[in-house]
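# Summary of structural features
The primary structure of each chain is shown beneath.
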Amino acid sequence: MSAIVLNDKMQKASELALPESFSGINPHNLYLYVKSAQAAQRANSATTKGRSEVRGGGKKPWAQKGGGRARAGSRRSPIFVGGGKAFGSSNNRNYDLKVNKKQKKLALNFALAEHANNGSLFIVDSIEVASGKTKDANEMFKALNQRDALFVKSLLDEKTYLAFENLHQTYVVEANELNAYLAANYRSIVIEKAVWETLIGGAK
């Protein structure tokens, strides 16, 4: 497992072996993190009214006896048109799934290791588009020869952000925004050297 080190022209200069701690990770850690991330994105807006919330129902529809029909106490019952919904959806539901810090770290390391195995993990000294032009950012992306890419900067400056903003095949984030869900969602990752050193700090 090796990451590809790029020069300032986004061309391969060398390779960098990943620490041993990146191997042998259970992929279930990534599954749990992605499941949690997707659950957190749910709008949780589906809702219906129960029989206690719909309008009407003050008067008994018909007499209790003598009509030959089943007894009914309120038009708000779910059996009537316009009545409340029985066991309907509620926006009070909590979809959050807990993932502990160790699992988050293992999930990210597994995602990075998979990119390294596929030859799609790149390390570069600096990710910067000083001109702020999308054309220059696109040239940087095309040099990778990848379908899409996640760029990870130590600190994201305005010029670089504007340059990448309209490139739909790319996404640029700061180091503290990098997570396993983003890493797994893109076919390649370009990481600044300073960020990479922080990620593997203390790893063997």
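Residues numbered from 1 in each chain as written. Predicted model: local features only at pLDDT ≥ 70, side-chain atom pairs only at ≥ 80, totals over all residues. Heavy atoms only, no water.

### Here's the deal with the domain arrangement of the protein chain
According to the domain assignment, the protein chain contains domain 1 (2–42 + 96–201) and domain 2 (44–94). Domain 1 and domain 2 are separated by 52 Å when their C-alpha centres are compared. (Domains from an automatic or database assignment.)

### Focus: the side chain of Lys-153
Residue position: Lys-153 is located in strand 4 (residues 149–153). In terms of polar contacts, Lys-153 uses its side chain to reach the backbone carbonyl oxygen of Ile-127, at 2.5 Å. Sequence-distant contacts of Lys-153, that is, excluding residues within four places in its chain, are made with Ile-127, Thr-160, Val-172, Val-173, Glu-174, Ala-175, Glu-192 and Val-195. (Helix = DSSP H or I, 4+ residues; strand = E, 2+ residues; numbered from the N terminus. Polar contact = N/O pair within 3.5 Å; in protein donor to acceptor, adjacent residues only side chain to side chain. Contact = heavy atoms within 4.5 Å.)

### Focus: the sheet that holds strand 1 (residues 2–6)
Sheet architecture is open: six strands sit in the order 2-1-3-6-4-5, paired in mixed fashion. With one partner strand each, in any of the chains shown, strand 2 (12–17) and strand 5 (170–174) form the two edges of the open sheet. Pairwise comparison of adjacent strand axes, ignoring direction, gives a mean angle of 25° for this sheet. Of the strand pairs in this sheet, strand 4 and strand 6 (residues 189–192) are connected by three bridges, and their pairing is parallel. (Pairing = 2+ DSSP bridges. Axes fitted to C-alpha atoms, helices over the stretch in contact; angles between N-to-C directions.)

### Some remarks on helix 1 (residues 28–40)
An ideal rise of 1.5 Å per residue puts 18 Å on 13 residues; helix 1 measures up with 18 Å between its terminal C-alpha atoms. Among the residues of helix 1, Asn-29, Leu-30, Tyr-33, Val-34, Ser-36, Ala-37 and Ala-39 are the ones counted as buried. Summarising the contacts, the buried residues of helix 1 are in contact with helix 2 (101–117) and helix 5 (180–185). (Expected span 1.5 Å × (residues − 1). Buried < 20%, exposed > 50% of the residue type's maximum accessible area, 1.4 Å probe, protein only.)

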